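# Examining the three-dimensional arrangement
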Amino acid sequence: MNPAKRRTVIAGNWKMNFTPDEATAFINEIKPMVAGKDNCDIIFCAPYVTISAAMKAAEGSNIKIGAENVHFEEKGAYTGEVSAKMLKAIGVEYVIIGHSERRQYFAETDETVNLRTKAALAAGMKVILCLGEVKEQRLSGITNEVVGMQTKLDLAGVDAEALKNVIIAYEPVWAIGTGLTATPEQAEETCGEIRKVLAAMYGAEVAETVTIQYGGSMNDANAAELLAKPNVDGGLIGGASLVAKKFTAIVDAAQ
Ligand code: PEP
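In this report, the structure presented in the accompanying data block is examined. (Residues numbered from 1 in each chain as written. Predicted model: local features only at pLDDT ≥ 70, side-chain atom pairs only at ≥ 80, totals over all residues. Heavy atoms only, no water.)

### Re the overall build of the protein
Here is the rule we go by: In this description a helix means any DSSP run of H or I spanning at least four residues, a strand means any run of E spanning at least two, and both kinds are numbered starting from the N terminus. The reference for a compact globule is 2.2 Å times residues^0.38; the radius of gyration itself is calculated from the C-alpha atoms. In this description, contact between two residues means that some pair of their heavy atoms is separated by no more than 4.5 Å. Note on areas: Shrake-Rupley, 1.4 Å probe, and residue coverage restricted to the protein chains presented here.
The helix and strand tally for the protein stands at twelve helices and eight strands. Its C-alpha radius of gyration of 17 Å places the protein within 12% of the 18 Å reference for a compact globule of 255 residues. With the C-alpha coordinates aligned to their principal axes, the bounding extent of the protein is approximately 45 × 45 × 35 Å. The contacts of the protein with a sequence gap of at least 6 include a subset with a gap of at least 24, amounting to 73%. For the protein, the exposed surface amounts to about 11,100 Å²; the carbon and sulfur share of it is 54%.

This is how it looks when you write it as structure tokens:
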């Protein structure tokens, strides 16, 4: 983390978990546990049907509720999709875009990730943009090339002003939901590489202000070491974001 230069963000990705009642109970449980821990932003990204209940439970607290995806069109014949205008209408500020599960199971490409990113930013939302290499790419030694290309393609047409509303989540795909965590050195190196690409695109001064999270089996046991690295500005957390005690320990590591 480097709080002098950029905001630390600890975000949960609930994925396809929690009904509205379960989300309400979870937020009511964790709210007092994270109260006053203001050295980082705390966000939970929820399934669409759960968002309103979670927001209501989080009212008046330091917890923000986001969405897990958004479509790039404002409205129309896109069965099953939700637009940025719809999310804004219910007060949602943050949205995850380009999660590896969307890329892997729902055929999202850098092109659609870029379209979704631009649409969300144009609607005034804040984007958590996920990218990262698969295991074979890391083993082949091309991680830097992969994340560099994703950064350039996913942010094509996003100017420096709009970039202020982008958080990047570096998520090595081999570490998501597997219990395998990148070492702090690997996380630092790749987050630093993404910052170098941002510097080439937007200038070093702008790149220094961008929050770059690490995601991939971050938990209460490894968060402190990962967050101690200067280019790791927070975490995007899946499994551990469903357990109040574990998530709170990660927030504590960011204080
Ligand atoms: C994620 O879903 O973005 C994630 C990092 O999951 P997990 O923490 O379970 O690996």
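### What about the packing of aromatic side chains?
To be explicit about the condition: Centres within 6.5 Å make a pair out of two Phe, Tyr or Trp rings, where for Trp the six-membered ring is used; the pair is then stacked when the planes are under 30 degrees apart, edge-to-face when over 60, and tilted otherwise. Whether a charge sits over a ring depends on NZ of Lys or CZ of Arg being within 6 Å of the ring centre and within 35 degrees of the ring normal.
Within this structure, the stated rule accounts for seven aromatic pairs. Every member of this aromatic cluster is reached through a ring pair, and the members are Trp14, Phe18, Phe26, Phe44 and Phe247. The cationic tip of arginine 102 hangs over the ring face of phenylalanine 106; the distance from NZ or CZ to the ring centre is 4.2 Å.

### Concerning helix 5 (residues 110-122)
To be explicit about the condition: Here the expected length of a helix is defined as 1.5 Å per residue gap, with one fewer gap than residues. Throughout this description, buried means an accessible area under 20% of the type-specific maximum (1.4 Å probe, protein chains only), exposed means over 50%, and partly exposed covers the range between.
If you check helix 5, its first and last C-alpha atoms are 18 Å apart, about what 13 residues at 1.5 Å a residue would give, namely 18 Å. Among the residues of helix 5, Asp110, Val113, Asn114, Arg116, Thr117, Ala119, Ala120 and Leu121 are the ones counted as buried. Positive backbone phi, at 90°, marks glycine 124, one or two positions downstream of helix 5.

### A short note on unusual backbone geometry
Even without being a glycine, lysine 15 presents a positive backbone phi close to 55°. For lysine 15, the location among the structural elements is in the loop between strand 1 (8-13) and helix 1 (20-34). Positive phi is not limited to glycine here, since serine 217 has a value of about 55°. Looking at where serine 217 falls in the secondary structure, it is placed in the loop between strand 7 (212-215) and helix 11 (223-227). Residue class for serine 217 comes out buried when judged on its relative accessible area of 17%.

### Concerning the side chain of serine 100
Along the polypeptide, serine 100 turns up in helix 4 (residues 100-105). In this structure serine 100 comes out as buried when scored by relative accessible area, which is 11%. If we skip the residues at most four places from it in the chain, serine 100 touches Val173 and Ile176.

### Details of the pairing of strand 6 (residues 166-170)
Counted only if it meets this: Note: two strands are recorded as paired if DSSP finds a minimum of 2 bridges between them.
Of all the five residues making up strand 6, five are buried; the element is thus mostly covered by neighbouring parts of the structure. A two-sided burial pattern is seen for strand 6, the buried positions comprising Val166, Ile168 and Tyr170 on one face and Ile167 and Ala169 on the other. Sheet topology places strand 5 (residues 126-131) next to strand 6; five bridges connect them, and they run parallel. Its bridge partner lying in strand 6, leucine 129 is registered against isoleucine 168. For strand 6 and strand 7, the ladder comprises three bridges, and the chain directions are parallel. Considered in strand 7, the bridge of alanine 169 is made with glutamine 213.

By themselves these figures say nothing about function.
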